[in-house]
Structure formats: C-alpha cells, structure tokens
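Analysis of the macromolecular model
Now for the letters of each chain:
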Amino acid sequence: QQVQGTLAAEAARKECFGVFCTTYDLEALASGEVFGQDQPIALKLLGSERSLQALEGVAMELEDSLYPLLREVSIGIDPYVIFEDADWALLIGAKPRGPGVERAALLDINGQIFAEQGKALNAVASRNVKVIVVGNPCNTNALICLKNAPNLPAKNFHALTRLDENRAKCQLALKAGVFYDKISNMTIWGNHSTTQVPDFLNAKINGRPVKEVIKDTKWLEEDFTITVQKRGGVLIQKWGRSSAASTAVSIVDAMRSLVTPTPEGDWFSTGVYTTGNPYGIAEDIVFSMPCRSKGGGDYELVKDVAMDDFLWGRIKKSEAELIAEKKCVAHLTGEGNAFCD
Ligand code: LMR
C-alpha cells in the first residue's frame, strides 16, 4: 500500500524530556489519532550528531510497536534529507528555557536553527507542507522559518499556541465547575509568552458567554489572565524544566484541529502569519488568532469576533512585543541588521 503522508519531526534535540514529548506525538500519529485509521504514514526524524544514538532508540521503539499505519521510520541529521517531500513538519528541537530564563534570551540562540530549517523546507519539502513550530520563542521562530522559505505558502506556518488554549480551557472549567469539554470558542491572541491574551470575551461555557457564567470580572481580568500567561514559567520553576506531556498533547490537538473540520460555531487558536488579517493587527508577524478548518490542513481566520477595550489593549501589548522580537532577529529574516531593545 502506498504511503501517502510523510511527516518530518524532530526528536531528541530537547534532551530527555524532548524525546518524551516527541515520542508521545509519534505514537499518536502512528496509531491514527491525527490522520485517521485509513491513512498510512512515514515518519522521518531529525536529530543532531549528539542525539543520534537516542534517535536510533526512538526508531527502534516505533518499529517494535508494529503500528499498522506506520510504513516507514527513518532518522538522520541532515534536514535537506529528512524534510524531503514532507507533508507535515513538527519543529520541536530548540534549546529549552530553564528556571528564570526569559524567552527573549532564546531569540538569538534558537533563531539560527529555524532559519536553517526554513531553508531546508523551502528546498525539499512538499510544496504544501504544513509546519508547526514548537521550539521557543515559537512565534518569532515561525516567522524566521517562513521568511527563509519564500517558495512555500506563509499561511502554512504555525506557532503552537494550542497549549495556551488548553490551559485557558482548564482554568475556566475549574472555576465554573464543569468538564473542560464544555468550554468552546477559546481564543489565545498574540505571542506564546506572558503577553498572550486568553480571550474571555468571546469564549463560551456550555454555549453561554463566559461573563454570563463567571460574573467575577476581576478574576477574569487578573487571576485567570495572569495564570494562563504565566503557566509555562511557573511550571518551569516548580519542575525545573519546561512542560513536556501537556505540550505533546497540544501538538496532537493542533494537528487534529487542522486536519478535521471544525465543529459548527467553534474555533481553535493557532499562531499564524498576520498579513491580510481582518482585525487590524500589525502585518508581517506571527500572531495567535481564532481559526476554523474545513479539514485537510487548511484553515481560515474567524472574522466575527467581538472586541472591547480590555481585549484590544492587551492585544496591542502582545503585538508590540512581537514587533520588538522581529527587529531583534532581522539578521535571520533577511531584513537588515538586528536591533534589540
Ligand atoms: C510552556 O508554555 O510550557 C513552554 O513553552 C514554556 C517554555 O518557555 O519552555
């Protein structure tokens, strides 16, 4: 049977928890959780020289699991080989943030990786490849990646903000005393950072506006917003390392949302290229916004969302942060000399 889908994923560059994060995703993909039970897949795993041996172990695990849909596992350290004909690319490997390290400090260190990978995708991936950038700072890394891949549609590059969406749904569900599947229309606007905006104006609980169910506006504007914004950093402080299991789940959720038609009336969040956005957000950055999919990996922005002063004010802060990050990586996007505030 012909292998129709090729998925290039990075494994093992994020140390042991990176392997954990990625193997969960690989297992979910190999067992049909994302693309369905009738879609065979080929997995190509990109590592580094240092991680190659660990990668061999990951490949052995996958082979020995006899997943019926998994028709090929290959590993390597050359992105120009591994990304060849890839239909999906999960870019996870990057230097992770440790306790007390701000994401901006990673801009330069990690940016180079995504410039190289963008070039390789541009050269050899499927012309319709969908790219999900997970390594932080993921919005700006996604921008770097797409700028280095001018022959691929910029629309197909995503920064993972599904983890933030899941965190926001969890907090609202806990507060309202409902199961998390009762939360819908949850948008994360902006950067995957502490300026991100979990949108409680448009989100719903059991189909009702959040503000009708949770009447404590102070809690929504302060506790809820700050908890979601800082969740990743607090987890690092407590655990001594970056989130792994919840990130892995959210990668699968993000892919599934793109390949499955979005339920009527709902939407999901993903960080996408802003050029042509209907909200008035600055063009030429990667910003998380509400999207809907008709299936097949393509999506459109949701246009009929409400705005108020609180929401717009917060969106502008996240926009300003991303514009500053973009200036700081100008040398990696081919737009002149870098200028960091
Ligand atoms: C998270 O949100 O858990 C991570 O992206 C945090 C980080 O900087 O690694």
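Everything numeric here is computed off the predicted structure, so don't read it as measured data.

**Observations regarding the site of the ligand**
- Around the ligand, a shell composed of Arg97, Asn136, Leu163, Arg167, His192, Gly232, Ile236, Ser242 and Ser243 is seen.
- Arg167 has a polar side-chain atom sitting 2.7 Å from an oxygen atom of the ligand.
- Here an oxygen atom of the ligand sits 2.7 Å away from a polar atom, N or O, in the side chain of His192.
- Coverage of the ligand by the protein amounts to 92% of the 270 Å² it exposes when considered alone.
- Elements that contribute at least two residues to the shell around the ligand include exactly helix H6 (162-176) and helix H8 (217-239).
- In terms of residue class, the shell around the ligand is built from two nonpolar, five polar and two charged.

**A word on the environment of Asn122**
- With respect to the helices and strands, Asn122 occurs in helix H4 (residues 106-124).
- For the pair Asn122 and Pro150, spaced 28 residues apart in sequence, the C-alpha to C-alpha distance is 6.9 Å.
- Beyond its immediate chain neighbours, meaning those up to four positions away, Asn122 contacts Arg127, Asn148, Ala149, Pro150, Asn151 and Leu152.

**Side note on the state of the cysteines**
- Inspection of the entire model under this criterion finds one disulfide.
- Across the disulfide from Cys328 sits Cys340; the S-S distance is 1.7 Å. Taking the torsion about the sulfur-sulfur bond, which here is approximately 90°, the covalent link between Cys328 and Cys340 counts as right-handed. Highlighted residues: Cys328 in helix H10 (residues 309-328) and Cys340 in the segment after helix H11 (330-333), separated in sequence by twelve residues.
- Here Cys340 falls in the partly exposed class, since its relative accessible area comes to 44%.
- Left unpaired, Cys291 is separated from the closest cysteine sulfur, that of Cys138, by 14 Å.
- You can call Cys291 buried: its relative accessible area is 0%.

**Observations concerning H10**
- Counted at 1.5 Å a residue, the expected span for H10 with its 20 residues is 28 Å, and the 29 Å between its end C-alpha atoms agrees.
- Taken together, the buried positions of H10 are occupied by Leu311, Ile315, Ser318, Glu319, Leu322, Glu325, Lys326 and Cys328.

**As for the nonpolar core**
- Counting 47 residues, the largest nonpolar core has Leu43, Leu62, Ile132, Trp189 and Met255 as its most contacted members.
- Per element, the largest residue contribution to this core is six residues, and it comes from helix H9 (residues 245-259).
- Residue contacts for Met255: discarding those within four places in its chain leaves Leu7, Leu29, Val34, Phe35, Trp88, Leu90 and Ile132.
- Ranked by size, the runner-up nonpolar core spans 34 residues in total, among them Ala89, Leu121, Phe157 and Ala159.

**Some words on a negative patch on the surface**
- Together, Glu27, Glu61, Glu63 and Asp64 make up a negatively charged patch on the protein surface.
- Examining the composition of the negative patch, we find that three residues originate from one element, helix H2 (residues 52-64), more than from any other.
- Topologically, Glu63 is positioned in helix H2.

**Thoughts on the sheet that holds strand S7 (residues 183-184)**
- In space, the three strands of this open sheet follow the order S7-S10-S11, with antiparallel pairing throughout. The strands lining the two open edges of the sheet, one partner per strand, are S7 and strand S11 (208-209).
- Sheet topology places S7 next to strand S10 (residues 204-205); two bridges connect them, and they run antiparallel. Bridge pairing in S10 places Ser184 opposite Lys204.

Rules used in this analysis
- Residues numbered from 1 in each chain as written.
- Predicted model: local features only at pLDDT ≥ 70, side-chain atom pairs only at ≥ 80, totals over all residues.
- Heavy atoms only, no water.
- Near = heavy atom within 4 Å.
- Polar contact = N/O pair within 3.5 Å; in protein donor to acceptor, adjacent residues only side chain to side chain.
- Areas by Shrake-Rupley, 256 points an atom, 1.4 Å probe, with all protein chains shown as cover.
- Helix = DSSP H or I, 4+ residues; strand = E, 2+ residues; numbered from the N terminus.
- Nonpolar A, V, L, I, M, F, W, Y, C, P; charged D, E, K, R; others polar.
- Contact = heavy atoms within 4.5 Å.
- Disulfide = S-S within 2.5 Å.
- Buried < 20%, exposed > 50% of the residue type's maximum accessible area, 1.4 Å probe, protein only.
- Expected span 1.5 Å × (residues − 1).
- Core = buried A, V, L, I, M, F, W, Y, C linked by side-chain atoms within 4.5 Å.
- Patch = residues over 30% accessible without salt bridge, like charges linked within 9 Å, V, L, I, M, F, W, Y side chains within 5 Å.
- Salt bridge = Lys/Arg side-chain N within 4 Å of Asp/Glu carboxyl O.
- Lys, Arg positive; Asp, Glu negative; His and termini not counted.
- Charge placed at Lys NZ, Arg CZ, Asp CG, Glu CD.
- Pairing = 2+ DSSP bridges.

This is a description of form; function is not addressed.
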